[in-house]
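Commentary on secondary and tertiary structure
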Amino acid sequence: MDGTEFYRKVILTVSGNKLVKWLSIKYGRKLAGRFIAGNTLDEALDEIERLNAKGILVTLDHLGEGITTLDEAAEYREEYLKLVEGIAQRGVQSNVSLKPTQMGMALDLEKAYENIKSVVKKAKEFRNFVRLDMEDSPYTQATIDMTLRLHKEGLPNVGTVMQAYLFRTEEDVRSLMEAGVNLRLVKGAYKEPGTIAFQQKREVIDNYKKLIKMHFDQGAYTAIATHDDNIIDWVKVFAEQSRIEKEDFEFQMLYGLRMNDQAALAEDGYRIRCYMPYGTMWYPYFTRRLAEKPANLMMVLKNMFK
Ligand code: FDA
């Protein structure tokens, strides 16, 4: 395990600790603010307008995951229906990202399916697109199944996410591409065991590039969601050498990270989409960002003393 992997595991483990959680919730909202566009939909829509003006597209996410009752799932579904309408009414360039567990996937698969379906149907009315974020491995198969089921039921405006750290992903990408599903490719943000996931950074990057190449070779549209210049620069060169047009793929980055570079990509004519979370359930999202990069933790610590 290299130093970065060790750091990631420590943060993901420590963030589950009750005391750390309590301290973070008590003092951390301001610190997390950098990664979150606001508490309300209106605040988020204002922020989308600001980014769109710089040529940056958005995917909007209402924070929330790991819910414990189906009533909560129903509340989140309603928030998402408002979000889809809000995007259309403001006329901003944003699609939608949601976490299946926020819609009840861990509690009742069929109810979660109905909740998600109503959001995807609403999005279809407005010609918009919904991405099912990929959570940890207990939900991988269910998320894939749900995406394919929605496609079969006449809702092709839904896609999902493939994590390069999982051994199974190459096979999943193959079958989802065959079914015409729009995919976002990421490294993977959760703590997964060595029995099912690559543990070395190098292996994850190699697999990531392999998955991107599979998309390009098939002429399939793909979203490459990373802040890693190693991958971004490789994609730019590969696309140019293979005469792949800039509109045939998009880069994605998270809100609050590399914002100047996001604008620069847009200026260079690349499609770049910013994943923008809003809402009050920020703790798990925030700790995953800290785990990804010591520099993110340093940034937060510096802000603490400002
Ligand atoms: P990583 O953190 O591995 O850093 C690699 C290198 O990138 C660094 O060494 C540095 O050179 C450069 N870099 C990184 N951050 C930088 C910064 N702020 N400034 C300058 N350079 C920087 N995961 C998941 O499991 N399910 C999902 O659904 C999603 N969805 C998702 C959407 C979007 C839009 C993004 C960007 C990411 C996700 N992820 C995700 C998270 C993803 O799996 C992964 O954990 C993070 O993107 C971190 O990996 P990176 O490749 O971005 O860089």
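Residues numbered from 1 in each chain as written. Predicted model: local features only at pLDDT ≥ 70, side-chain atom pairs only at ≥ 80, totals over all residues.

1. Side note on the UniProt feature "binding site: substrate" (unreviewed entry) in the protein chain
Look at the UniProt record and you will see "binding site: substrate" (unreviewed entry) annotated at Lys-99, Arg-288 and Arg-289. Within the secondary structure, Arg-288 is located in helix α12 (residues 283-292). Residue Arg-288 is classed as partly exposed on the basis of its 19 C-beta neighbours within 10 Å. Inspection of the secondary structure assignment puts Arg-289 in helix α12. (UniProt positions renumbered as here; feature names shortened; annotations may be inferred. Helix = DSSP H or I, 4+ residues; strand = E, 2+ residues; numbered from the N terminus. Buried ≥ 20, exposed ≤ 12 C-beta atoms within 10 Å, placed from the backbone.)

2. Re the site of the ligand
Neighbouring the ligand are 22 residues; Asp-133, Val-186, Thr-226, His-227 and Tyr-275 lie closest to it. Put simply, the parts of the chain that give the shell around the ligand at least two residues each are β4 (158-163) and β7 (249-254). Among the elements that line the shell around the ligand, the one with the most residues is β7, at 3 residues. (Near = placed C-beta within 6 Å.)

3. Looking at the pairing of strand β8 (residues 272-278)
Counting buried positions along β8 gives 7 out of 7 residues, so the element sits mostly inside the fold. With burial as the criterion, each face of β8 is covered, one bearing Ile-272, Cys-274, Met-276 and Tyr-278 and the other bearing Arg-273, Tyr-275 and Pro-277. As paired strands, strand β1 (residues 57-62) and β8 are joined by 6 bridges and run parallel to one another. Residue pairing for β8: Leu-57 is matched across the bridge by Arg-273. (Pairing = 2+ DSSP bridges.)

4. Focus: the nonpolar core
Core analysis: the biggest nonpolar cluster contains 75 residues, and Leu-185, Ile-224 and Met-276 have the highest contact counts within it. Those residues in contact with Met-276 that sit more than four places away from it in its chain are Ala-37, Ala-44, Glu-47, Ile-48, Val-58, Thr-59, Leu-60, Asp-61 and Tyr-255. (Core = buried A, V, L, I, M, F, W, Y, C linked by C-beta atoms within 7 Å. Contact = placed C-beta atoms within 7 Å.)

5. Focus on the sheet that holds β1
Pairing between the strands of a sheet comes from backbone hydrogen bonds, and it takes one of two forms, parallel or antiparallel. Spatial ordering of the closed barrel is given by β1-β2-β3-β4-β5-β6-β7-β8, a layout of 8 strands whose pairing is parallel. Put simply, the sheet's adjacent strands are angled 30 degrees from each other on average, direction ignored. The sheet contact formed by β1 and strand β2 (residues 94-98) spans 4 bridges and is parallel. What sits directly across from Leu-60, in β2, is Val-96. (Axes fitted to C-alpha atoms, helices over the stretch in contact; angles between N-to-C directions.)

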